[in-house]
Amino acid sequence: MITCPADKAAIVPQELAARFRFPEVHCDSSMMADFAEAQMKWDGDVYATVPFCSTVEAEAFGAEVRLGDEKTTPLVHRCRWKNIDDVKLDAPDPLAGRMGTVMKALELLKARRVPSVLEMAGPFSVLMGLLEPGTIFKCLSKEPERVIALLGTISDYLEACARQAARRGAALISLAEPAATADLVGPRVFKRAVGPQVVGLMKRMSAIPGDWAGFLCGRLSISLVESGQLKERRIALERRRYGEVLEEYRAQGVKWFGGSCIAQTATFCTQICLIDFP
């Protein structure tokens, strides 16, 4: 699986690394919340972001993950299946496993009144951590309905995770496809398999109660807009901190943002991109 640049524990300042144990920070809810808050303060950010990698979802479905250390982000070491005939997917419990740890960390951050972000990998990227990529693309050309069914099960799980995060006060829920933007999988596969699943998931997530907002990875949102599956509106701004602008527009009821990277919330921006359905 390709490492997403938003995986914040991939680059840990030595001063922070000395205060936390790795890889335990990925598996202990209290340590996870503490690290997220410490990194938020270190960066001068608005949000504490969890988890610190894009492997939690694939691991929930059985992928083998190496958790790494303070210098190496967790990565999928081995796909669970090589043959699609062997795949049996049931949506896991979003409160179990390492995702359950993430949810407890969100609860702790809410209790501290710290604005939080849940980062999620999209359905296709999760599938690529479970089934050999070559098998996925071969099946898409011969039996696409089988791949679509697997993506649907993964989307159901991601929706359940988003619902639990909203209940635990997440300010933003971000969605990325680090292994499946149009430039990586090609425009045909993106429009046929990746985009419809992401947009469908976004629509279902939009019905989740709460004042949370969604954030699409910039590369993903650009791919979806260019392929006609979403539309965007860019608003020019005076130079301001990106996270503060997101909070202002979230308070106004904006549901989806895009066009940038969730890892940039501590930096300054001169525009914001609002995402909507056609």
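As the structure is a computational prediction, the values presented were derived from the model and not from experiment.

Q: How do you make sense of the pattern of salt bridges when you look at a structure like this?
A: A side chain of one charge can pair with a side chain of the opposite charge when the charged atoms of the two come close. Applying the stated criterion across every chain yields a total of 17 salt bridges. Among the salt bridges present, the one from Arg112 reaches Asp34, with a minimum N-O distance of 2.7 Å. Separated by 78 residues along the polypeptide, Arg112 in the loop between helix H4 (97–111) and strand E4 (116–121) and Asp34 in helix H2 (residues 29–43) bring together distant segments of the chain. Note that Arg163 and Glu159 form a salt bridge whose closest N and O atoms lie 3.4 Å from each other. Placement of both Arg163 and Glu159 in helix H7 (residues 144–167) is noted, with a separation of four residues, approximately one turn of the helix. Via salt bridges that share partners, Asp34, Glu37, Lys41 and Arg112 belong to a single interconnected network.

Q: Quick question: what am I supposed to make of the nonpolar core here?
A: One recurring pattern in soluble globular proteins: nonpolar side chains tend to sit buried together. Judged by nonpolar contacts, the single largest core of 84 residues is most densely connected at Met120, Phe124, Leu130, Ile173, Met202, Met205 and Leu216. Here the element with the most residues in this core is H7; it accounts for ten residues. Sequence-distant contacts of Leu216, that is, excluding residues within four places in its chain, are made with Leu175, Val198, Met202, Ser221, Leu224, Leu230, Trp256, Phe257, Gly258, Gly259, Ser260 and Ile275. By size, the runner-up hydrophobic cluster in this structure holds 19 residues, among which are Val46, Ala171, Phe215 and Ile235.

Q: Looking at this structure, I do not really get the sheet that holds strand E9 (residues 268–276). What am I missing?
A: Strand pairs in the sheet, formed through backbone hydrogen bonds, run parallel or antiparallel to each other. An order of E1-E4-E5-E6-E8-E9-E7 is seen for the seven strands of this open sheet, with the pairing classed as mixed. Two strands close off the open sheet at either side, each with one partner strand: strand E1 (48–50) and strand E7 (231–241). Ignoring strand direction, the axes of neighbouring strands in this sheet form an average angle of 30°. Where strand E5 (residues 172–176) and strand E6 (residues 213–217) come together, four bridges link them in parallel fashion. Counted as the bridge partner of Leu172 is Ala213 from E6. Contacts from helix H11 (residues 242–251) reach E5, E6, E7, strand E8 (256–260) and E9, with the element oriented near 125° to E7.

Q: Would you explain the environment of Arg163 in this entry?
A: On the basis of relative accessibility, which here comes to 28%, the residue Arg163 falls in the partly exposed class. Sequence spacing of Arg163 and Pro94 is 69 residues, and the spatial spacing of their C-alpha atoms is 9.3 Å. Those residues in contact with Arg163 that sit more than four places away from it in its chain are Ile208 and Pro209.

Q: Whenever I open this one, the side chain of Gln164 confuses me. Can you help?
A: Here Gln164 shows up in helix H7. Contacts of Gln164, omitting those with residues within four sequence positions, involve Pro94, Leu95 and Met103.

Q: How should I be thinking about the packing of helix H9 (residues 187–206) against helix H10 (residues 218–226) in this particular structure?
A: Any two packed helices are characterised by how steeply their axes cross, that is the angle between the axes, and by the distance between the axes. At a minimum axis distance of 11 Å, the contact between H9 and H10 shows a crossing angle of 115°. When the axes of H9 and H10 are compared, the pair comes out roughly perpendicular. Every pair of crossing elements has a handedness; the one defined by H9 and H10 is left-handed. Touching Phe190, Gly195, Val198 and Val199 of H9 are Leu220, Ser223 and Leu224, all from H10.

Criteria and thresholds
Residues numbered from 1 in each chain as written. Predicted model: local features only at pLDDT ≥ 70, side-chain atom pairs only at ≥ 80, totals over all residues. Heavy atoms only, no water. Salt bridge = Lys/Arg side-chain N within 4 Å of Asp/Glu carboxyl O. Helix = DSSP H or I, 4+ residues; strand = E, 2+ residues; numbered from the N terminus. Core = buried A, V, L, I, M, F, W, Y, C linked by side-chain atoms within 4.5 Å. Buried < 20%, exposed > 50% of the residue type's maximum accessible area, 1.4 Å probe, protein only. Contact = heavy atoms within 4.5 Å. Pairing = 2+ DSSP bridges. Axes fitted to C-alpha atoms, helices over the stretch in contact; angles between N-to-C directions. Parallel < 35°, antiparallel > 145°, perpendicular 65-115°, else oblique. Left-handed = near helix turned anticlockwise from the far one by under 90°.

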